[in-house]
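As a plain string of letters, each chain reads:
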Amino acid sequence: MTKLDDYNELLDALGPHGREMVQSVWLEATRSFEPVGLTRYLQGAREIATAGLGWSVVLAYLRETPAIARQVGEGSAIRMIDVALSVYARTGARTAEQVFVAGVVAARRLRDPALFVGYLDFLGELVESAPAGVAPVLSRLDDLLEQLGLDGLRRWAMLGVQSHMRDPAAQARYFQLDSVEGRALLRVEGDQTVFADIERRISLYLRALWGREMKLRPVIHTKGASAGRRSTIEGLTIRLPQSYRGFAGQSGLALYRAAAAHAAAHIMFTTRRFPVGSLKPLQVALVSLIEDARVEQLAITRFPGLRGLWRTFHMAQPDGAITSGSLMARLARALIDEEFIDDDPWVSKGRRLFFEQRHYWEDQSMSRALGGLLGNDMGQMRVQFNFKTYVVAPA
């Protein structure tokens, strides 16, 4: 076991009071940090003390950081020091102390090192733009993360910043939930299902379907038109959105289940990456659409009930403006919903060719061929397509 006496030089720099504090938490620290990490841990205490934040902040740091390190890793935990110093510079020692106390809550709620770093980045952004908002957010962090998730919390906070940039008093009321606007926007952002609340249920669901362990993790941060909606796959790890806005309760759980089941179908049946080569962005989107339909149909042959789960979220209608996005959403629905009627020639052709090739669904090269063909057809229709603003439907 690592001995406290091995760090006498650092302890001497903290003085008798600091040494006494370290002694009170040392056993907990040795369970959370490797020897190199213990050195950095004690250096952090000295850094906070030297900066003049006060012994109560030093003690909060020493007491809370080991538990945070166990949840999200040593490196992520130590990064709190820089955030606390920034908070101290713009608010005061009391709020800096809250950074460490609330850090335990954030680590327990978020559980992912990269997500925790994203939370620290958010705090840094908030203290730069709205220092008065930091203390109210930290004091309510458990409830805010439970209700909003990290993405929702960031959106709600930045709305408060942008709405009251020239009125600090109104901004303070927003974050303290003393304004009608702050409470109303919190309810809007709270109308969602949060990843942390359903993670275990979805994990068990996938294991029951496929009999194998697939790791679930939250998406850290995404940009673009599909931000907050898209899932990603890395080996056997599925990253799902931190929350789905507008979907609460059972509908939110069903959407997470549908997204996870879809990603798992790709893990099972998309066995190699598609070479993009000379494909145009429109063709890439359509190859992806056909591949989505192919893996879902293969999964449905094993588990027919998945059809109803996925079909629920297809909202495309066979009318309205003719755009690339609407046509692709209509085709996506046509490939899973037998009762959907769409007389558009392009949609009808895609549906007919897809089902004519049902005997080739086991071969993912059919998605490359059919997607490329449909992309050529749409290109000849002179329909505009912008890959940056394209949003895959359904969610």
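Details of the structure are given in the entry above.
Being a predicted model, the structure only gives us computed values, none of them experimental.

Two numbers describe how helix α6 (residues 93–110) lies on helix α9 (residues 141–163): the axes approach to 10 Å, and their chain directions differ by 30°. Along this stretch, α6 crosses α9, giving a crossing that reads as right-handed. Between α6 and α9, the residues in contact are Ala 102, Val 105, Ala 106, Arg 108, Arg 109 and Leu 110 and Leu 141, Asp 142, Leu 145, Glu 146 and Leu 150, respectively. Class assignment for the residues of the contact of α6 with α9 results in seven nonpolar, no polar and four charged.

What follows deals with the pattern of salt bridges. Summed over the entire model, instances satisfying the criterion amount to 20 salt bridges. A salt bridge links Glu 234 to Arg 239; its shortest N-O distance comes to 3.4 Å. You can call Arg 239 buried: its relative accessible area is 16%. One salt bridge connects Arg 311 with Glu 338, and the closest N-O pair in it is separated by 3.2 Å.

Within the secondary structure, Gly 18 sits in helix α1 (residues 8–32). By relative accessible area, Gly 18 is classed as buried at 0%. The sequence separation of Gly 18 and Arg 46 amounts to 28 residues, and the corresponding C-alpha distance is 8.6 Å.

For Met 378, the location among the structural elements is in helix α18 (residues 365–380). For Met 378 and Ile 322, which are 56 residues apart along the polypeptide, the C-alpha to C-alpha distance reads 11 Å. Look past the residues within four positions of Met 378 in its chain and what remains in contact with it is Leu 282, Ser 324, Leu 327, Met 328, Trp 346 and Val 383.

Along the chain, Ser 367 falls in helix α18. The class of Ser 367 is buried, set by a relative accessible area of 0%.

What the rule picks out here adds up to 16 aromatic pairs. Seen from their ring centres, Phe 33 and Tyr 41 are 4.9 Å apart, and the 25° between their planes marks the pair as stacked. Judged by its relative accessible area of 4%, Phe 33 is buried. Judged by its relative accessible area of 0%, Tyr 41 falls in the buried class. Of note, Arg 257 hangs over the ring of Tyr 205, and the distance from its end group to the ring centre comes to 5.0 Å.

What follows covers the pairing of strand β2 (residues 215–218). The alternating pattern of β2 places Leu 216 and Pro 218 on a buried face and Lys 215 and Arg 217 on a face that is not buried. Pairing geometry for β2 and strand β4 (residues 237–240), over four bridges, is parallel. Note that in β4 the partner of Pro 218 across the bridge is Leu 240.

This paragraph deals with the nonpolar core. In terms of nonpolar packing, the biggest core is built from 65 residues, with Tyr 119, Leu 126 and Trp 156 touching the most fellow members. A per-element tally of this core places α9 first, with ten residues. With sequence-adjacent residues up to four places away left out, Tyr 119 is seen in contact with Ala 102, Ala 106, Leu 110, Leu 138, Leu 141 and Leu 150. The next biggest cluster of nonpolar side chains, apart from the first, holds 57 residues, and it includes Ala 260, Leu 286, Leu 306 and Tyr 390.

Here the focus is the sheet that holds strand β3 (residues 232–234). Strand order in the open sheet made by the three strands is β2-β4-β3, with mixed pairing throughout. Looking at the sheet topology across the chains shown, the edges are occupied by β2 and β3. Strand-to-strand twist across the sheet, computed as the mean angle between neighbouring axes with direction ignored, equals 25°. Summarising the sheet, β3 and β4 pair through three bridges and their orientation is antiparallel. Its bridge partner lying in β4, Ile 233 is registered against Ile 238. Packed on one face of the sheet, helix α12 (residues 195–210) meets β2 and β4 and runs near 160° to β2.

Definitions and cut-offs
- Residues numbered from 1 in each chain as written.
- Predicted model: local features only at pLDDT ≥ 70, side-chain atom pairs only at ≥ 80, totals over all residues.
- Heavy atoms only, no water.
- Axes fitted to C-alpha atoms, helices over the stretch in contact; angles between N-to-C directions.
- Helix = DSSP H or I, 4+ residues; strand = E, 2+ residues; numbered from the N terminus.
- Left-handed = near helix turned anticlockwise from the far one by under 90°.
- Contact = heavy atoms within 4.5 Å.
- Nonpolar A, V, L, I, M, F, W, Y, C, P; charged D, E, K, R; others polar.
- Salt bridge = Lys/Arg side-chain N within 4 Å of Asp/Glu carboxyl O.
- Buried < 20%, exposed > 50% of the residue type's maximum accessible area, 1.4 Å probe, protein only.
- Phe/Tyr/Trp six-rings, centres within 6.5 Å; stacked < 30°, edge-to-face > 60°.
- Lys NZ or Arg CZ within 6 Å of the ring centre and 35° of its normal.
- Pairing = 2+ DSSP bridges.
- Core = buried A, V, L, I, M, F, W, Y, C linked by side-chain atoms within 4.5 Å.

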